[in-house]
Amino acid sequence: MVTLAAAPFDLSFDPSSTALIVIDMQRDFIEPGGFGAALGNDVTPLQAIVPTVARLLALARRHGLPVIHTRECHMPDLSDCPPTKRDRGAPDLRIGDAGPMGRILIVGEPGAEIVPDLAAIEGELVIDKPGKGAFYATPLGEHLADLGISTLFFAGVTTEVCVQTTMREANDRGFYSLLIEDATESYFPAFKTATLEMIRAQGAIVGWTAPLAALEGALDG
Ligand code: TIU
């Protein structure tokens with residue numbers, strides 16, 4: 001067992017039953033001209049965590065932890081995109097519309113790809129998900145059961161939308177969940193702060209948080 005100095009208290013985990021899930025580090029959320037920008041957001045803060053997520057990926061790979069990447073995207077015919085999701089708000093471009101990186105949030109389009117610095121390597125599972133949570137309408141739960149996973153490390157974007165939703169799904173499924181504080185980001189700084197606080201409040205009601213350096217220290221020694 002490894003013991004990590006996390007908040008709100010130490011988290012002990014067995015690396016042989018721990019996996020890393022990197023949520024939606026896609027061009028559509030991180031680069032100008034994608035879904036995030038079409039919603040009116042400044043994508044710059046999200047770009048800034050790419051090197052930290054790369055360090056986290058290197059750490060997980062160095063220690064043989066299974067790595068799972070997710071991508072929020074939809075079928076070209078939008079059959080898995082509820083109209084309530086596509087019609088929400090007044091974005092410049094809606095899901096399925098043609099933008100500078102291809103059709104917004106559509107499987108196989110350049111914008112739906114993970115940014116090159118964080119691309120999956122051979123043997124890593126990439127899960128396309130139609131929802132905010134990575135367990136909804138995907139094989140993630142079965143995959144984790146097959147691997148015998150009990151602890152999940154989380155990174156990715158955005159903290160309060162897809163990351164938090166997936167952590168809450170994981171919590172209800174009995175996983176110990178740790179969010180790497182500097183490997184996640186929001187378009188809204190206050191939402192990131194609030195999400196970190198609400199995850200670890202009430203005695204880790206959803207899970208734990210810790211900076212990457214603490215995890216590196218615990219695993220690398
Ligand atoms: N808009 C926003 O903050 N996030 C999303 O729409 N999806 C994810 O968080 N991946």
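Here the structure is shown first, and the text comes after it.
Residues numbered from 1 in each chain as written. Predicted model: local features only at pLDDT ≥ 70, side-chain atom pairs only at ≥ 80, totals over all residues. Heavy atoms only, no water.

Within the protein chain one finds 9 helices and 10 strands. For the protein chain, the C-alpha radius of gyration of 17 Å lies close to 17 Å, the compact-globule estimate for 221 residues. For the protein chain, with 221 residues in total, the buried portion stands at 50%. If you take every contact in the protein chain between residues at least 6 apart in sequence, the share linking residues at least 24 apart comes to 72%. Working note: accessible area of the protein chain is about 9300 Å², and carbon and sulfur atoms make up 55% of it. Here the protein chain holds 16 positive side-chain charges and 29 negative ones, and the gap between their average locations is 4 Å. (Helix = DSSP H or I, 4+ residues; strand = E, 2+ residues; numbered from the N terminus. Rg over C-alpha atoms; globule rule 2.2 N^0.38 Å. Buried < 20%, exposed > 50% of the residue type's maximum accessible area, 1.4 Å probe, protein only. Contact = heavy atoms within 4.5 Å. Areas by Shrake-Rupley, 256 points an atom, 1.4 Å probe, with all protein chains shown as cover. Lys, Arg positive; Asp, Glu negative; His and termini not counted. Charge placed at Lys NZ, Arg CZ, Asp CG, Glu CD.)

Turning to the site of the ligand, a few remarks are in order. Taken together, Asp 24, Phe 29, Phe 35, Leu 39, Glu 72, Lys 132, Val 157, Thr 158, Val 161, Cys 162 and Tyr 187 are the residues near the ligand. A distance of 3.0 Å is found between an oxygen atom of the ligand and a side-chain nitrogen or oxygen belonging to Lys 132. Take Val 157: an N or O atom from its main chain is 3.2 Å from a nitrogen atom of the ligand. When the free accessible area of the ligand is taken as 290 Å², the share hidden by the protein chains comes to 93%. Class assignment for the residues of the shell around the ligand results in 7 nonpolar, 1 polar and 3 charged. (Near = heavy atom within 4 Å. Polar contact = N/O pair within 3.5 Å; in protein donor to acceptor, adjacent residues only side chain to side chain. Nonpolar A, V, L, I, M, F, W, Y, C, P; charged D, E, K, R; others polar.)

Any two side chains of opposite charge can pair, so long as their charged atoms come close to each other. Taken as a whole and assessed by the stated rule, the structure comprises 12 salt bridges. Residue Arg 55 pairs with Glu 216 through a salt bridge whose shortest N-O separation is 2.9 Å. On the criterion of sequence distance, the pair formed by Arg 55 in helix H4 (residues 50-62) and Glu 216 in helix H9 (residues 212-220) is long-range, its members being 161 residues apart. Owing to a relative accessible area of 18%, Glu 216 belongs among the buried residues under this scheme. The closest approach of N and O atoms between Arg 71 and Asp 128, which form a salt bridge, is 2.6 Å. Pair noted here: Arg 71 is in strand S4 (residues 67-72) and Asp 128 is in strand S7 (residues 125-129), with a separation of 57 residues, a long-range link. (Salt bridge = Lys/Arg side-chain N within 4 Å of Asp/Glu carboxyl O.)

What follows covers the pairing of strand S9 (residues 176-185). With respect to burial, S9 is a largely interior element, 7 of its 10 residues being buried. Taking the sense of rotation as the criterion, the β-α-β connection linking strand S8 (residues 151-157), helix H7 (residues 159-172) and S9 turns out right-handed. Two elements, S9 and strand S10 (residues 208-210), share 3 bridges in a ladder whose sense is parallel. When the sheet's bridge partners are listed, Leu 179 is paired in S10 with Thr 209. For the crossover from S9 across helix H8 (residues 189-204) to S10, the handedness is right-handed. (Right-handed = clockwise from strand over helix to strand, strands pointing away. Pairing = 2+ DSSP bridges.)

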